[in-house]
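For reference, the chains in residue letters:
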Amino acid sequence: MAKDRALPKELCARATIPGIEDARVWGDEYPSHLKAQLEIPKEELHTRIPGIVGVEHNYLAISGGGANGAFGAGFLAGWTEKGSRPEFTLVTGISTGALTAPYALLGSAYDHKLEEIFTRYSTEDLVRRRTPFSAVTSSAMLVTRGLEDAIARAFDQSMLEAIAAEWMNKGRSLTIGTTNLYALRPVLWRVQHIAASGHPNALELVRKILLASASIPIAFPPVHIEVEVDGERYEEMHVDGGASAQVFLYPTAVDWRQVMEKLDVKGKPNVYIIRNSRMEPNWDLVKPRLLPIALRTVSSLIRTQGIGDMYRVYLSAQRDGLNFHLVNIPDDFELQPREQFDPVYMRELYQLGRNLGRSDDPWQRVPPGF
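Report follows, based on the coordinates. (Residues numbered from 1 in each chain as written. Predicted model: local features only at pLDDT ≥ 70, side-chain atom pairs only at ≥ 80, totals over all residues. Heavy atoms only, no water.)

Focus on the pairing of strand β8 (residues 223-229)
Side-chain alternation along β8 places Val223, Ile225, Val227 and Val229 on a buried face and His224, Glu226 and Glu228 on a face that remains uncovered. Taking the residues between adjacent antiparallel strands as the criterion, β8 and strand β9 (residues 232-240) are bridged by 2 residues, where Asp230 takes a positive phi near 50°. (Buried < 20%, exposed > 50% of the residue type's maximum accessible area, 1.4 Å probe, protein only. Helix = DSSP H or I, 4+ residues; strand = E, 2+ residues; numbered from the N terminus. Pairing = 2+ DSSP bridges.)

Spelled out as structure tokens, the structure:
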């Protein structure tokens with residue numbers, strides 16, 4: 001990217017996506033669109049989004065975890081087979097959870113696509129290692145052309161239109177998280193609005209968002225997203241949403257009780273978190289080299305951050321009167337992957353999640369160790 005196209009700091013707060021102004025919000029502040037909606041008279045708001053008024057609400061948050069996303073995909077399939085999987089009012093996803101979230105929103109008819117995504121690809125299908133010299137002089141260790149192609153095949157125009165229909169007909173929403181690397185701030189992408197915008201670049205933008213959310217820093221290159229300020233075009237650099245949070249529901253500044261009262265929500269909403277990770281750390285003999293040490297350190301930061309994020313969602317749910325449910329990879333699952341995306345490992349993890357999803361009560365009501 002040319003240096004003169006990088007978004008300057010002084011314009012950051014005013015940058016929008018060309019033609020889709022309501023495409024995103026900052027993830028660390030009160031969303032302006034929600035504040036505006038809460039100021040609308042209740043009767044008018046109910047007319048705008050009748051599908052989520054006066055009914056039960058169920059929210060699903062899917063965490064990051066790389067290849068461990070196979071666990072969440074399998075869990076959703078097992079939950080479907082059990083017959084108790086609800087229709088979600090809101091789905092959020094980050095990193096590998098971002099690749100799962102669109103299918104989770106659209107429902108069980110898409111379970112087979114999730115299985116394909118998380119059980120049939122190997123490392124060589126998705127990424128290619130750079131030479132040592134080019135890895136040091138470029139933006140990442142790996143080339144992700146295979147991953148880009150896989151996302152393009154999985155998320156097509158029909159998916160975009162289905163998400164738009166769920167929003168326009170039922171008020172159901174999909175939020176994907178990335179990290180703005182210039183600002184070091186989380187960005188929440190309102191995918192349902194992008195899908196419903198009718199903009200000719202909507203599909204390309206959503207694919208970029210999904211790729212960016214899954215782009216692990218150092219390993220995967222950042223994704224450049226075009227923005228606009230006063231008619232001038234610039235670019236932002238976005239990476240894995242997991243660099244900001246491993247799982248999220250809504251910004252903690254939001255008083256969700258206000259939202260529930262405004263929408264006449266029936267009963268207490270259910271919050272479901274699928275954590276694509278174990279709670280206990282895994283042992284690994286790290287090679288005494290710069291990149292292995294850097295990647296292992298990043299893994300440690302992500303793990304501990306994920307635990308903190310889980311506590312944050314739990315405390316927000318307690319404050320706002322929501323029912324908290326958590327499921328994660330059991331610590332007694334000991335199989336280790338032989339490569340970054342090991343299909344044998346992912347198939348085993350998928351089946352583990354599927355079996356757990358079919359079980360009588362897989363949910364924890366309080367985060368472990370809290």
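Notes on the nonpolar core
It is characteristic of soluble globular proteins that their nonpolar side chains tend to be buried jointly. Counting 79 residues, the largest nonpolar core has Leu60, Val91, Trp189 and Ile194 as its most contacted members. Take this core: its biggest share by element is 8 residues, from helix α11 (residues 202-213). The contact partners of Leu60, leaving out residues within four places of it in the chain, are Leu76, Phe88, Leu90, Val91, Thr92, Ala104, Tyr272 and Ile274. Membership of the second largest hydrophobic core comes to 31 residues, among which are Leu34, Ile49, Val271 and Leu322. (Core = buried A, V, L, I, M, F, W, Y, C linked by side-chain atoms within 4.5 Å. Contact = heavy atoms within 4.5 Å.)

Considerations on the packing of helix α3 (residues 69-82) against helix α5 (residues 111-119)
Closest axis-to-axis distance for the α3/α5 pair is 9 Å, and the angle between their directions is 155°. With respect to α5, the element α3 is oriented roughly antiparallel. Considering only the axes of α3 and α5, their crossing is left-handed. Contact residues: α3 offers Gly69, Ala70, Ala73, Leu76, Ala77 and Thr80, while α5 offers Asp111, Leu114 and Phe118. Residue classes in the contact of α3 with α5 are distributed as 6 nonpolar, 2 polar and 1 charged. (Axes fitted to C-alpha atoms, helices over the stretch in contact; angles between N-to-C directions. Parallel < 35°, antiparallel > 145°, perpendicular 65-115°, else oblique. Left-handed = near helix turned anticlockwise from the far one by under 90°. Nonpolar A, V, L, I, M, F, W, Y, C, P; charged D, E, K, R; others polar.)

Here we look at the environment of Thr89
Along the polypeptide, Thr89 turns up in the loop between α3 and β3 (90-94). The exposure class of Thr89 is buried, given its relative accessible area of 8%. Taking C-alpha positions, Thr89 is 33 Å from Arg145, a pair spaced 56 residues apart along the chain. Among residues more than four places away in sequence, those in contact with Thr89 are Ile52, Glu56, His57, Asn58, Tyr59, Gly171, Arg172 and Ser173.

Some thoughts on empty space enclosed by the protein
All told, the structure shown has 3 cavities of 30 Å³ or more when counted by the stated rule. Put simply, the largest cavity is a space of about 510 Å³. Lining the largest cavity are 28 residues, and of these His33, Leu34, Leu90, Ser173 and Trp256 sit closest to its centre. Taken together, the elements giving at least two residues each to the lining of the largest cavity come down to α1 (32-38), β6 (173-180), β7 (185-190) and α12 (256-262). In terms of residue count, the dominant contributor to the lining of the largest cavity is α1 (4 residues). Across the lining of the largest cavity, the residue classes break down as 18 nonpolar, 8 polar and 2 charged. Reported here for the second largest cavity is a volume of approximately 310 Å³. Forming the boundary of the second largest cavity are 23 residues, of which Thr96, Leu99, Ile117, Phe118 and Leu147 lie nearest the centre. (1 Å grid on protein atoms, 1.4 Å probe; cavity = no way out; pocket = protein on both sides within 12 Å on 5 of 7 lines; lining within 4 Å. Points joined across faces, edges and corners; volume = space filled by probe spheres on them.)

Brief notes about the packing of aromatic side chains
Tallied over the full model, the rule gives 13 aromatic pairs. Here the aromatic rings of Tyr314 and Phe324 are separated by 5.0 Å at their centres, their planes lie at 80°, and the arrangement is edge-to-face. In this pair, Tyr314 is assigned in helix α13 (residues 290-320) and Phe324 in strand β11 (residues 323-328), connecting sequence segments 10 residues apart. Exposure class is identical for Tyr314 and Phe324. Each is buried. Among the aromatic residues, ring-to-ring pairing joins Phe71, Phe75, Trp79, Phe88, Tyr272 and Trp363 into one connected group. The positively charged end of Lys35 is found above the aromatic ring belonging to Tyr30, 5.3 Å away from the centroid. Seen from the ring of Trp26, Arg185 lies directly overhead, with NZ or CZ sitting 3.9 Å from the centre. (Phe/Tyr/Trp six-rings, centres within 6.5 Å; stacked < 30°, edge-to-face > 60°. Lys NZ or Arg CZ within 6 Å of the ring centre and 35° of its normal.)

A few points about a nonpolar patch on the surface
A cluster of nonpolar side chains, Leu315, Val366 and Phe370, forms an exposed patch at the surface whose accessible area comes to about 270 Å². Inspection of the secondary structure puts Phe370 in the segment after α14 (343-357). (Patch = residues over 30% accessible without salt bridge, like charges linked within 9 Å, V, L, I, M, F, W, Y side chains within 5 Å. Areas by Shrake-Rupley, 256 points an atom, 1.4 Å probe, with all protein chains shown as cover. Salt bridge = Lys/Arg side-chain N within 4 Å of Asp/Glu carboxyl O.)

What about the side chain of Lys262?
Within the secondary structure, Lys262 sits in helix α12. A polar atom in the side chain of Lys262 sits 2.8 Å from the backbone oxygen of Ile40. When neighbours within four sequence positions are excluded, Lys262 is seen to be in contact with Gln37, Leu38, Glu39, Ile40, Pro41, Lys42, Leu45 and His46. (Polar contact = N/O pair within 3.5 Å; in protein donor to acceptor, adjacent residues only side chain to side chain.)

Describing the layout of surface pockets
In this approach, a probe sized like a water molecule rolls over the atoms, and the result shows the empty space that is left. If you add up the space inside the largest pocket, you get close to 1,800 Å³. In this structure, the largest pocket is lined by 47 residues; those nearest its centre are Asn282, Asp284, Leu295, Arg296 and Ser299. Among the elements that make up the lining of the largest pocket, the one with the highest residue count is α13 (10 residues). Broken down by class, the residue content of the lining of the largest pocket amounts to 18 nonpolar, 16 polar and 13 charged. The calculated volume of the second largest pocket comes to roughly 430 Å³. In terms of lining, the second largest pocket is formed by 22 residues, of which the most central are Glu21, Arg24, Val25, Trp26 and Ser32. Secondary-structure elements contributing two or more residues to the lining of the second largest pocket are β1 (24-26), α1 and β7. Looking at the lining of the second largest pocket residue by residue, the class counts come to 9 nonpolar, 6 polar and 7 charged.

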